[in-house]
Amino acid sequence: MRAVILAAGVGRRLGHDKPKILLNFGGRTLLERHLAILAALGVRDLVIGIGHEALAIERALEALGQTDVSTIYNPDYEQGSILTLWCVREALAAGGPVLLMDGDVLYDRRVLAPLIETHHADCVLVDRAYEPGDEPVKVGVVDGAPADFGKTIDPALQPYGESVGFFLLSEGMAKTLVDTAGQMIEQGGSERPMEDTIAAVLRAASPPFGLEDVTGLPWIEIDFPEDVARAETEILPGLIDEDG
């Protein structure tokens, strides 16, 4: 299995220049934690889409001795994250199942393991314990299967929970995702978030995506200064050793 991590964004809402994937929690950056968790789960084929402070990320990989990790630079990283998705299109569509992951998430291997071990060919991770509002990316469900996805979903659907930002894609779905991203960009959608492509393929998927529920497990997406504070005080104490 291959993993593709998106880590090109500027992270303006945090109010500093450091790439979010290099934020340090408990003596380890998010990058180090991703690497340790993926290795512990047997995933060693890794590609990272980079942009903002790309050299800092590459130097961090070098310092960690991660010479086998590939990086792909998005020169237009200040536009929509759909462009980073497009830049890593060859890695996504290289064949076989692939994990697509946001780089700005603090978590432990118990969160990612269900996605690797799932029986679903295409799957999203969902946490039912989330705070309603405009910011969470929500998953709407029909008959137990994801039917809508986004910060705003079909009002006829009851939101099942929040997306963790990690996805398992089959070879065919990964290629469909790449094609969808290309079409959106061609139609003037270069400012769109990559989540718009996930939403499009998820809504049209037949058979539908599956879902794995990670409610109760420790994770947080880092977008705002208050997320950093919560990560340090609430999430970090609940994490298990990634190397175990």
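Look up: the structure comes first, before these words.
The rules behind each value
One numbering rule holds for all chains: residues counted from 1, following each sequence as written. Local features in a predicted model are, by the rule used here, given only for residues with pLDDT of at least 70; side-chain atom pairs are given and counted only at 80 or more, and totals for whole chains, interfaces and linings are based on all residues. Hydrogens are left out, water is left out, and the side-chain values use all remaining heavy atoms of the structure. Runs of E in the DSSP output that reach at least two residues are strands. Runs of H or I that reach at least four are helices, and both are numbered from the N terminus. For this measure, only C-alpha atoms enter the radius of gyration; the expected value for a globule follows 2.2 Å times N^0.38, where N is the number of residues. Burial status follows relative accessibility: with a 1.4 Å probe on protein chains alone, a residue under 20% of its type maximum counts as buried, one over 50% as exposed, and anything between as partly exposed. Residue contacts are counted whenever heavy atoms from the two residues lie within 4.5 Å of one another. Computed with the Shrake-Rupley method and a 1.4 Å probe, the accessible areas treat only the protein chains shown as cover for residues. Note on charges: Lys and Arg go in the positive column, Asp and Glu in the negative column, and His and the chain ends are not counted at all. Charge placement uses NZ in Lys and CZ in Arg. For Asp and Glu, CG and CD serve respectively. Here a polar contact is taken to be a pair of N or O atoms separated by no more than 3.5 Å, where protein atoms must pair a possible hydrogen donor with a possible acceptor and residues adjacent in sequence count only if both atoms sit in side chains. What counts as a salt bridge is simple: a side-chain nitrogen of Lys or Arg found within 4 Å of a carboxyl oxygen of Asp or Glu.

## A look at the overall build of the chain
(1) Moving on: When you go through the chain residue by residue, the secondary structure sums to 8 helices and 13 strands.
(2) Moving on: On C-alpha atoms alone, the chain measures out to a radius of gyration of 17 Å, which is about the 18 Å that the 2.2 N^0.38 rule sets for 244 residues.
(3) Moving on: Dimensions of the chain, computed from C-alpha atoms along their principal axes, come out at roughly 45 × 40 × 35 Å.
(4) Moving on: Per-residue burial for the chain yields a buried fraction of 51% across its 244 residues.
(5) Moving on: Contacts in the chain between residues far apart in sequence, at least 24 positions, make up 73% of those at least 6 positions apart.
(6) Moving on: Accessible area of the chain: about 10900 Å², with a carbon and sulfur share of 47%.
(7) Moving on: Where the 19 positive side-chain charges of the chain centre and where its 40 negative ones centre are 2 Å apart.

## Here's the deal with the side chain of aspartate 104
(1) Moving on: Tracing the sequence through the fold places aspartate 104 in the loop between strand E6 (98-102) and strand E7 (105-107).
(2) Moving on: The exposure class assigned to aspartate 104 is buried, which follows from its relative accessible area of 10%.
(3) Moving on: Among the polar contacts listed, one links the side chain of aspartate 104 to the side chain of lysine 20, at a separation of 2.7 Å.
(4) Moving on: Contact partners of aspartate 104, with chain neighbours within four places excluded, come to Lys20, Leu30, Ile220, Glu221, Ile222 and Asp223.

## Section: the pattern of salt bridges
When the charged atoms of two side chains lie near each other, side chains of opposite charge can form a pair.
(1) Moving on: By the definition in use, this model includes 12 salt bridges.
(2) Moving on: Put simply, aspartate 223 and arginine 13 hold a salt bridge, and the shortest N to O gap is 3.4 Å. Here the residue aspartate 223 occupies a position in the loop between strand E13 (219-221) and helix H8 (225-235), and arginine 13 occupies one in the loop between strand E1 (2-7) and strand E2 (24-25), the gap between them amounting to 210 residues.
(3) Moving on: Residue class for arginine 13 comes out partly exposed when judged on its relative accessible area of 41%.
(4) Moving on: Residues aspartate 108 and arginine 110 are paired through a salt bridge, measuring 2.6 Å at the closest nitrogen-oxygen approach.
(5) Moving on: Among the residues examined, aspartate 108 registers a relative accessible area of 0% and is labelled buried.
(6) Moving on: According to the relative accessible area criterion, arginine 110 is partly exposed, its value standing at 31%.
(7) Moving on: Several salt bridges converge on common partners, so that one network encompasses Arg13, Lys20, Asp104, Glu135, Lys151 and Asp223.

Everything listed here is a matter of coordinates, which is why it stays silent on function.
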